[in-house]
Amino acid sequence: MEKTDKPLIREASMTLIDNLEEMLARGNDSAMLRFGLGSACLREKRHAQAIEHLGRCLALDENYTAAYNLLGRAQFKLEQLDAAKQSFTKGLEKAHATGDIQAEREIQVFLKKLASD
């Protein structure tokens, strides 16, 4: 990817966030919408907002294993290491229980990274 592509990607992400926030404002709250918002905010390094949306995602669906993964990553970025460890640990339990092998693998990588810090 060329350096000139980055502003376009950032603009697309901001448009996505704006669109998802507009859906939320219209009352279309759901775990999937909150996950999308959290993911987009994380990509834009808006970690506090990502944590807010991913936390709400998990309040709506406690088995959303990908949300635990992203929530832990956002918490890690803000150096909320205990919270990140809790999110990853809970996500690992849920991933194992639901058979989400991909989430299990990704979360295990981050748990190892936390253990080495």
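Residues numbered from 1 in each chain as written. Predicted model: local features only at pLDDT ≥ 70, side-chain atom pairs only at ≥ 80, totals over all residues. Heavy atoms only, no water.

Considerations on the packing of helix α5 (residues 81-98) against helix α6 (residues 101-116)
Running from amino to carboxyl end, α5 crosses α6 at an angle of 150°, the nearest separation of the two axes being 9 Å. For the element pair α5 / α6, the angle class is roughly antiparallel. The interaxial crossing formed by α5 with α6 has left-handed handedness. Between α5 and α6, the contacting residues are L81, A84, K85, F88, T89, G91, L92, A95 and H96 on the first element and A103, E104, I107, Q108, F110, L111 and L114 on the second. When grouped by side-chain class, the residues that make up the contact of α5 with α6 number 10 nonpolar, four polar and two charged. (Axes fitted to C-alpha atoms, helices over the stretch in contact; angles between N-to-C directions. Helix = DSSP H or I, 4+ residues; strand = E, 2+ residues; numbered from the N terminus. Parallel < 35°, antiparallel > 145°, perpendicular 65-115°, else oblique. Left-handed = near helix turned anticlockwise from the far one by under 90°. Contact = heavy atoms within 4.5 Å. Nonpolar A, V, L, I, M, F, W, Y, C, P; charged D, E, K, R; others polar.)

What to know about the nonpolar core
F35, A50, L54, C57, L58, Y64 and A67 are the most contacted members of the largest nonpolar core, which totals 20 residues. Listing elements by their share of this core, those giving two or more residues are α1 (6-25), α2 (31-43), α3 (47-60) and α4 (65-77). Per element, the largest residue contribution to this core is seven residues, and it comes from α2. Non-local contacts of C57, meaning those with residues more than four positions away in its chain, are made with A31, R34, F35, Y64 and A67. (Core = buried A, V, L, I, M, F, W, Y, C linked by side-chain atoms within 4.5 Å. Buried < 20%, exposed > 50% of the residue type's maximum accessible area, 1.4 Å probe, protein only.)

Observations concerning α5
Between its first and last C-alpha atoms α5 spans 25 Å; for 18 residues at 1.5 Å apiece the expected length is 26 Å, and the two agree. Those residues of α5 not exposed but buried are A84, S87, F88, G91, K94 and A95. In an axial view of α5, the angular spread of the buried residues amounts to 130°, which keeps them on one side of the axis. Of the exposed residues in α5, those oriented more than 90 degrees away from the buried face are D82, Q86, E93, H96 and A97. Each element contacted by the buried residues of α5 is listed here: α4 and α6. Positive phi appears at G99, one or two residues downstream of α5, with a value of about 80°. (Expected span 1.5 Å × (residues − 1). Arc of directions from axis to C-beta.)

What about the packing of aromatic side chains?
A ring pair, where both rings are aromatic, is described by two values, the distance of the centres and the angle of the planes. As enumerated under the stated definition, the model contains two aromatic pairs in all. With centroids separated by 5.0 Å and ring planes inclined at 20°, the aromatic side chains of F35 and Y64 adopt a geometry described as stacked. Remark: Y64 occurs in the loop between α3 and α4 and F35 occurs in helix α2; sequence separation between them is 29 residues. Residue F35 shares its accessibility class with Y64, and that shared class is buried. (Phe/Tyr/Trp six-rings, centres within 6.5 Å; stacked < 30°, edge-to-face > 60°.)

Topic: α2
The terminal C-alpha atoms of α2, which comprises 13 residues, lie 18 Å apart, in line with the 18 Å expected from a rise of 1.5 Å per residue. Among the 13 residues in α2, 11 count as buried, and that is most of the element. A31, L33, R34, F35, G36, L37, G38, S39, A40, C41 and L42 are the residues of α2 that are buried. Immediately downstream of α2, the backbone of K45 shows phi near 60°, a positive value.

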